[in-house]
Amino acid sequence: MKLIIINGPNLNLLGKREPEIYGSETFAEIFKNLQRKFLKVELSYFQSNIEGELIDKLHEVGFDYDGIILNAAAYTHTSVGIGDAVKGIETPVVEVHISNVHAREEFRHLSFIAPNAKGIILGFGIKGYELAIQSFL
Ligand code: DQA
């Protein structure tokens, strides 16, 4: 089982960024724990702050991997391009958000990914990444 976690803009700041919303763990720590927990999963990770790089990565893995766990962060709410990429690839995508975006500002309620996602996990903090992996097993 080959899965990839793709994180979008500002998620490189996890651990430092608004810890009351996003927690105090860095993604390196979170990823290490996930690798330990899911020893049988071939798990990789990609993060970018650049929209086109996220689209390129979706194209690269989207015909080969068994699953994509995508937290496109702010681009979730703005990017027709990422939405189209999710629609255009074959690998199923689970959309993840650390926070409950529906309990936040209205501009966070729209997702260009949701219509083509296999499922959505949000509001469970960083545990959402683990739940997303489990959804593929
Ligand atoms: C987020 C929610 C987005 O609205 C926000 O822009 C993020 C993170 C989340 O994981 O809760 O950067 O995707």
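Since the structure is predicted, the reported quantities are computational estimates derived from the model, not experimental observations.

What to know about the packing of aromatic side chains
Counting across every chain of the model gives 4 aromatic pairs. On the basis of an interplanar angle of 35 degrees and a centroid distance of 5.7 Å, the ring pair of phenylalanine 31 and tyrosine 45 is categorised as tilted. Placement of the pair is phenylalanine 31 in helix α2 (residues 27–37) and tyrosine 45 in strand β2 (residues 42–47), with a sequence separation of 14 residues. A relative accessible area of 13% means that phenylalanine 31 is categorised as buried. One aromatic cluster is present, built from ring pairs that chain together Phe27, Phe31, Tyr45 and Tyr129. When the ring centre of tyrosine 65 is taken as origin, the NZ or CZ atom of lysine 2, which lies over that ring, is 4.8 Å away.

Some thoughts on the site of the ligand
Taken together, Arg17, Tyr22, Asn71, Ala73, Ala74, His77, His97, Ile98, Ser99, Val101 and Arg108 make up the full set of residues adjacent to the ligand. At 2.8 Å, a side-chain N or O of asparagine 71 approaches an oxygen atom of the ligand. Between histidine 77 and the ligand, the recorded distance is 2.7 Å, taken from a side-chain N or O atom to an oxygen atom. Relative to its unbound accessible area of 320 Å², the ligand is 99% covered by the protein chains. Each residue belonging to the shell around the ligand can be placed in one class, and the counts come to 5 nonpolar, 4 polar and 2 charged.

Looking at the pattern of salt bridges
Scanning the model with the defined rule gives 7 salt bridges in all. A salt bridge links lysine 37 to glutamate 130; the shortest N-O distance between them is 3.2 Å. Of this pair, lysine 37 sits in helix α2 while glutamate 130 sits in helix α5 (residues 127–136), and the two are 93 residues apart along the sequence. The residue arginine 104 makes a salt bridge to glutamate 105 at a minimum N-O spacing of 4.0 Å. Judged by relative accessible area, glutamate 105 falls into the partly exposed class, the value being 38%. Through salt bridges that share partners, Lys37, Lys127 and Glu130 make up one connected network.

Focus on the environment of asparagine 100
Among the secondary structure elements, asparagine 100 is positioned in the loop between β4 (93–97) and β5 (119–122). With relative accessibility at 34%, the residue asparagine 100 sits in the partly exposed group. Sequence separation between asparagine 100 and glycine 83 is 17 residues; the distance between their C-alpha atoms is 20 Å. Other than its neighbours up to four places away in sequence, asparagine 100 contacts Leu122 and Gly123.

Definitions and cut-offs
Residues numbered from 1 in each chain as written. Predicted model: local features only at pLDDT ≥ 70, side-chain atom pairs only at ≥ 80, totals over all residues. Heavy atoms only, no water. Phe/Tyr/Trp six-rings, centres within 6.5 Å; stacked < 30°, edge-to-face > 60°. Helix = DSSP H or I, 4+ residues; strand = E, 2+ residues; numbered from the N terminus. Buried < 20%, exposed > 50% of the residue type's maximum accessible area, 1.4 Å probe, protein only. Lys NZ or Arg CZ within 6 Å of the ring centre and 35° of its normal. Near = heavy atom within 4 Å. Polar contact = N/O pair within 3.5 Å; in protein donor to acceptor, adjacent residues only side chain to side chain. Areas by Shrake-Rupley, 256 points an atom, 1.4 Å probe, with all protein chains shown as cover. Nonpolar A, V, L, I, M, F, W, Y, C, P; charged D, E, K, R; others polar. Salt bridge = Lys/Arg side-chain N within 4 Å of Asp/Glu carboxyl O. Contact = heavy atoms within 4.5 Å.

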